[in-house]
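# Structure assessment
Take a look at the letters that make up each chain.
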Amino acid sequence: MRGRDQGSTGEGAGVRGFGELEAVVMDRVWERGGPVTVRELFDELRAERAIAYTTVMSTMDNLHRKGWLARDKDGKAYRYTAVASREEYSARLMREAMAGAGDTEAVLSHFVAQMDGCQARTLRAVLDRLTRDRPS
Amino acid sequence: MRPALALAGYAAAVAWGAPPPLALLTRRGVCARTGLAAWLAAMAGVLAAAVLAIQSLFRTVAADWPSLTRALCRSVAGGACSPAVYRGALYEGGVAALAALATAAAAAALWRYGRRTQRARARSRAHAEAAFLAGRALPGTGAVVLDDPRPAAYCVAGRPAAIVLTSGALAVLDPPQLAAVLAHERAHLAHRHHLLAMVTRGLAAAFPGVPLFTRGAAEVARLAEMAADDAAARVSGRPTVVAALLAIGTGTAVPAAAVAAPVPHGGLAAAAYAVPARVERMLRPPRPVSDTAFGLALAAVLTVLAAAPSLLAAFTG
């Protein structure tokens, strides 16, 4: 797993793999709001962790290739901006996640599947009964 | 020809006949994992029987071909074609055509399956990756949080797979309930339930209108949820799983005391619906004798379904 599950247990313990670094870079780009160069981001990240300039560069290049970052040539360097805000991506993900199983082709396992009104009312009734029977 | 007919007959009988009894046996989710295995064994058995049937058709054609051509040559050389030779040629031609048709149908099904699973895999990976980038890590859990007031929790296959919670879900879960949700989603991933979902949905797309696959995909998903509930209950206890289900399902915080003790059985009238049925199942006190009987019955069905195609092929061939 290149996930944050290990990485998140020790904050600032370094970067584990590109996936984690991509998330860190997107965090920073979203926080800044405006366009940012590799150098600027590298200087920012270097203050907190051991990291190479080329690593930051290739990570941002990857994110550009995947369509997360747009870039414009500014003199010799590229200036990177986020293609969409974090909120827009979240909304897009939630739309896909909340669509009925037939509408989306991604394989998601919901803890509680989408319920129609009837199911939701039944569940509500179960909860009401439990809390009524057992006043705390 | 006989083994092909027997195998095709078996495949059709299970594909159309097995879903109602299997659904009845697995309805309450007693021994969810065995039930899951029974559905999958039925599917695998039908596919195996179909493949063996096609293979047996080709074997019939190949075995009869030399004698047929000999008879044809003799009758052409002798200038007289007997009705027996005509009948033989007609029969062989029919079997060959059937084999070709069955192969074409199988190829089409395989193509539909491949297209569906490939898309599902790509979409899932993209979703998981986007969730890791757009979500905020929930420290110490490996899960990511998306800002959305609607309570939701899910996992999605990918490299790596992601467990996603909304901020709305975090708002209604207390820490033990959150642990139960995470245990549920981790069980999905650990038991490769996303793979099962992908394969069964692919089969449903490959064989539209065949109840074992269309209904089976939904039943497998339902049983996978119950199996994951069981795993979460082993970690967190049943009351906590129930509280978490109710909290996310209704969007309100559920105090632990509300479901602290076993609830008197019956009267929930919830079994008809997927999520309420899971709540009722978690609240139902275990009944050792009938549960064991259920488990044994399921295991027997599972064994028969898994062994039947090869036995059939061995005895008729």
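Residues numbered from 1 in each chain as written. Chains lettered and ligands numbered in written order. Predicted model: local features only at pLDDT ≥ 70, side-chain atom pairs only at ≥ 80, totals over all residues.

### A word on the overall build of chain A
Within chain A, the secondary structure is distributed over six helices and three strands. When burial is assessed residue by residue, chain A has 31% of its 136 residues classed as buried. (Helix = DSSP H or I, 4+ residues; strand = E, 2+ residues; numbered from the N terminus. Buried ≥ 20, exposed ≤ 12 C-beta atoms within 10 Å, placed from the backbone.)

### Some thoughts on the overall build of chain B
Scanning chain B from terminus to terminus reveals eleven helices and four strands. Computed over the C-alpha atoms, the radius of gyration of chain B is 26 Å, more than 25% above the 20 Å expected from 2.2 N^0.38 for a compact globule of 317 residues. By principal-axis analysis of the C-alpha atoms, chain B measures approximately 95 × 50 × 25 Å. Looking at chain B residue by residue over its 317 residues, the buried ones come to 49%. Taking contacts inside chain B between residues at least 6 apart in sequence as the whole, the part at least 24 apart equals 70%. (Rg over C-alpha atoms; globule rule 2.2 N^0.38 Å. Contact = placed C-beta atoms within 7 Å.)

### Topic: the nonpolar core
Among the nonpolar cores identified, the biggest contains 132 residues, and Ala42(B), Val46(B), Ala131(B), Val156(B), Ala162(B), Val164(B) and Leu246(B) are the most heavily contacted of them. Of the domains in this structure, domain 1 (4-82) and domain 2 (86-133) of chain A are the two that each give at least three residues to this core. The residues contacting Val156(B), other than those within four sequence positions of it, are Ala106(A), Val107(A), Leu108(A), Ser124(B), His127(B), Ala128(B), Ala131(B), Ala161(B), Ala162(B) and Val164(B). (Core = buried A, V, L, I, M, F, W, Y, C linked by C-beta atoms within 7 Å. Domains from an automatic or database assignment.)

### Let's talk about the pairing of strand β3 (residues 153-156) of chain B
All names here are of chain B. Side chains Ala153 and Cys155 project from β3 onto one buried face, and the interleaved Tyr154 and Val156 project onto a second face that is buried too. Alignment of β3 against strand β4 (residues 162-166), held across four bridges, turns out to be antiparallel. When the bridges of β4 are listed, Ala153 appears paired with Leu165. Where β3 folds back onto β4 in an antiparallel hairpin, the turn is made up of five residues. (Pairing = 2+ DSSP bridges.)

### Comments concerning the sheet that holds strand β2 (residues 144-146) of chain B
Taken in spatial order, the five strands make up an open sheet running β3(A)-β3(B)-β4(B)-β2(B)-β1(B), and their pairing is mixed. Only two strands of the sheet have a single neighbouring strand rather than two, namely β3 (108-110) of chain A together with β1 (136-137) of chain B. Here β1(B) pairs with β2(B) via two bridges, running antiparallel. Pairing of Ala137(B) across the sheet is with Val144(B), part of β2(B). Sheet contacts for helix α6 (residues 175-190) of chain B: β3 of chain A together with β3 and β4 of chain B; angle to β3(B), the most-contacted strand, approximately 20 degrees. (Axes fitted to C-alpha atoms, helices over the stretch in contact; angles between N-to-C directions.)

### Re the interface of chain B and chain A
Taken together, the 50 residues of chain B in the interface contact 41 residues of chain A. Elements with a minimum of two residues in the side of chain B that touches chain A: α4 (83-134), β3, α6, α7 (193-206), α9 (238-250) and α10 (274-283) of chain B. Top contributing element to the side of chain B that touches chain A by residue count: α4(B), with ten residues. Tallied by class, the residues present in the side of chain B that touches chain A amount to 35 nonpolar, ten polar and five charged. (Nonpolar A, V, L, I, M, F, W, Y, C, P; charged D, E, K, R; others polar.)

### Some thoughts on unusual backbone geometry
Residue and element names in this part refer to chain B. In this chain, Arg159 is followed by Pro160 through a cis amide linkage whose omega measures 0 degrees. Along the chain, Pro160 turns up in the loop between β3 and β4. The backbone of Cys31 shows a phi angle near 50 degrees, a positive value even though the residue is not glycine. If you trace the backbone, Cys31 turns up in the loop between α2 (19-26) and α3 (32-78). Here Cys31 falls in the buried class, since 24 other C-beta atoms lie within 10 Å of it.

### Describing α7(B)
Taking 1.5 Å per residue as the helical rise, α7(B) with its 14 residues ought to reach 20 Å, and the 20 Å between its terminal C-alpha atoms agrees with that figure. Within α7(B), twelve of the 14 residues are buried, which leaves it mostly tucked inside the rest of the structure. When α7(B) is considered as a whole, its buried residues turn out to be His193(B), His194(B), Leu196(B), Ala197(B), Met198(B), Thr200(B), Arg201(B), Gly202(B), Leu203(B), Ala204(B), Ala205(B) and Ala206(B). Buried-residue contacts for α7(B) involve β3 of chain A together with α3, α4, α6 and α8 (211-236) of chain B. (Expected span 1.5 Å × (residues − 1).)

### Quick notes on the packing of helix α5 (residues 86-98) of chain A against α4(B)
Two numbers describe how α5(A) lies on α4(B): the axes approach to 10 Å, and their chain directions differ by 145 degrees. Judged by the twist between their axes, the crossing of α5(A) over α4(B) is left-handed. When α5(A) is examined against α4(B), the residues Arg86(A), Tyr89(A), Ser90(A), Leu93(A) and Glu96(A) are found in contact with a partner set consisting of His127(B), Ala130(B), Ala131(B) and Ala134(B). Taken together, the residues of the contact of α5(A) with α4(B) sort by class into five nonpolar, two polar and two charged. (Left-handed = near helix turned anticlockwise from the far one by under 90°.)

### Thoughts on the packing of helix α1 (residues 2-17) of chain B against α3(B)
The axes of two packed helices give the description: the angle between them and the distance between them. Residues and elements named next belong to chain B. Across the interface, α1 lies against α3 with an axial gap of 8 Å and an inter-helix angle of 160 degrees. With respect to α3, the axis of α1 lies roughly antiparallel. The interaxial crossing formed by α1 with α3 has left-handed handedness. Judged by residue contacts, Pro3, Ala4, Leu7, Ala8, Tyr10, Ala11, Val14 and Ala15 of α1 engage Ala42, Gly45, Val46, Ala49, Ala50, Leu52, Ala53, Ser56, Leu57 and Thr60 from α3. Tallied by class, residues from the contact of α1 with α3 come to 15 nonpolar, three polar and no charged. (Parallel < 35°, antiparallel > 145°, perpendicular 65-115°, else oblique.)

### Examining the environment of Val242(B)
Residues and elements named next belong to chain B. As for its position among the elements, Val242 is in helix α9. Residue class for Val242 comes out buried when judged on the 27 C-beta atoms lying within 10 Å of it. For the pair Val242 and Ala258, spaced 16 residues apart in sequence, the C-alpha separation works out to 9.9 Å. With near-sequence residues (within four places) excluded, Val242 lies in contact with Val259, Val279, Met282 and Leu283.

### A look at α8(B)
Residues and elements named next belong to chain B. End to end, α8 covers 36 Å across 26 residues, agreeing with the expected 38 Å (1.5 Å per residue, within 8%). Largest kink in α8: about 30 degrees, centred on Ala217. Directly after α8, the chain includes Gly237, whose backbone phi takes a positive value near 90 degrees. (Bend = angle between axes of the 7 residues up to and from the residue.)

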